[in-house]
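Chain and residue survey
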Amino acid sequence: MRLFCGVLALLACVAGAARVDLVPGQTAKLGERQVTLLRVQDSRCPPGVQCVRAGELSASLLVVAAPGEAGPRTRLLRLTLPAGPNIGQGELHLVDATFGRPPRVGLSDYFRR
């Protein structure tokens, strides 16, 4: 019974998660927050190429808080792939990104550990 309740709670969490895909300059709602992707720096190794280093993707975001949310009204966030310092932020997470010019970045307000 405990296992069933745990699985049910996890599914409820995932079902409420929001996700959005953006390119630099785009703004969208992510849950109740407004998110603008300001800049993307991509040093990842492209598919089909042998690289000495895998590289990383870094995204700079402007986040406008949800109505009634505690804390500052606007914030600048820097998120990375692979997940680095953004793991502990507990609010928005960089989920994935396409290769290309410009890369399309996937953001979510839910993060599975």
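First things first, this report covers the structure right here in the doc. As the structure is a prediction and not an experimental result, all values here were calculated from the model.

**A short note on the pairing of strand 4 (residues 57-64)**
For strand 4, a buried count of six out of eight residues is recorded, marking the element as mostly surrounded by other parts of the structure. Looking at chain direction, strand 3 (residues 33-42) and strand 4 are connected through eight bridges and run antiparallel. From the neighbouring strand, Asp42 faces strand 4, where its bridge partner is Leu57. Two elements, strand 4 and strand 5 (residues 74-81), share eight bridges in a ladder whose sense is antiparallel. Paired with Ser60 across the two strands is Arg78, which belongs to strand 5.

**Here we look at the sheet that holds strand 2 (residues 27-30)**
Within the open sheet, the four strands sit side by side as 2-3-4-5. Their pairing is antiparallel. Unpaired on one side and paired on the other, strand 2 and strand 5 mark the two borders of the sheet. Strand-to-strand twist in this sheet, taken as the mean axis angle between neighbours without regard to direction, amounts to 35°.

**Overview of the nonpolar core**
Among the nonpolar cores identified, the biggest contains 20 residues, and Leu61, Leu94, Val105 and Leu107 are the most heavily contacted of them. Within the residue set of this core, elements represented by two or more residues are strand 1 (19-22), strand 2, strand 3, strand 4, strand 5, strand 6 (93-97) and strand 7 (105-108). By residue number, the principal contributor to this core is strand 4, which donates four residues. With residues near it in sequence (within four places) discarded, Leu61 still touches Val35, Thr36, Leu37, Leu38, Arg75, Leu76, Leu77, Leu79 and Leu107.

**A short note on the sheet that holds strand 1**
Ordered by their spatial adjacency, three strands build an open sheet running 1-7-6, and the pairing between neighbours is antiparallel. Edge positions in the sheet fall to strand 1 and strand 6, since each of these pairs with one other strand and no more. Adjacent strand axes in the sheet meet at a mean angle of 25° when their direction is disregarded. Sheet topology note: the strand 1/strand 7 ladder contains four bridges and is antiparallel. Its bridge partner being in strand 7, Leu22 is matched across the sheet by Val105.

**Things to note about the environment of Ser58**
Counting through the fold element by element, Ser58 comes out in strand 4. In this structure Ser58 touches Arg39, Val40, Gln41, Arg78, Leu79 and Thr80, once residues within four positions along its chain are discounted. Among the polar contacts listed, one links the side chain of Ser58 to the side chain of Arg78, at a separation of 3.0 Å.

The rules behind these values
- Residues numbered from 1 in each chain as written.
- Predicted model: local features only at pLDDT ≥ 70, side-chain atom pairs only at ≥ 80, totals over all residues.
- Heavy atoms only, no water.
- Buried < 20%, exposed > 50% of the residue type's maximum accessible area, 1.4 Å probe, protein only.
- Helix = DSSP H or I, 4+ residues; strand = E, 2+ residues; numbered from the N terminus.
- Pairing = 2+ DSSP bridges.
- Axes fitted to C-alpha atoms, helices over the stretch in contact; angles between N-to-C directions.
- Core = buried A, V, L, I, M, F, W, Y, C linked by side-chain atoms within 4.5 Å.
- Contact = heavy atoms within 4.5 Å.
- Polar contact = N/O pair within 3.5 Å; in protein donor to acceptor, adjacent residues only side chain to side chain.

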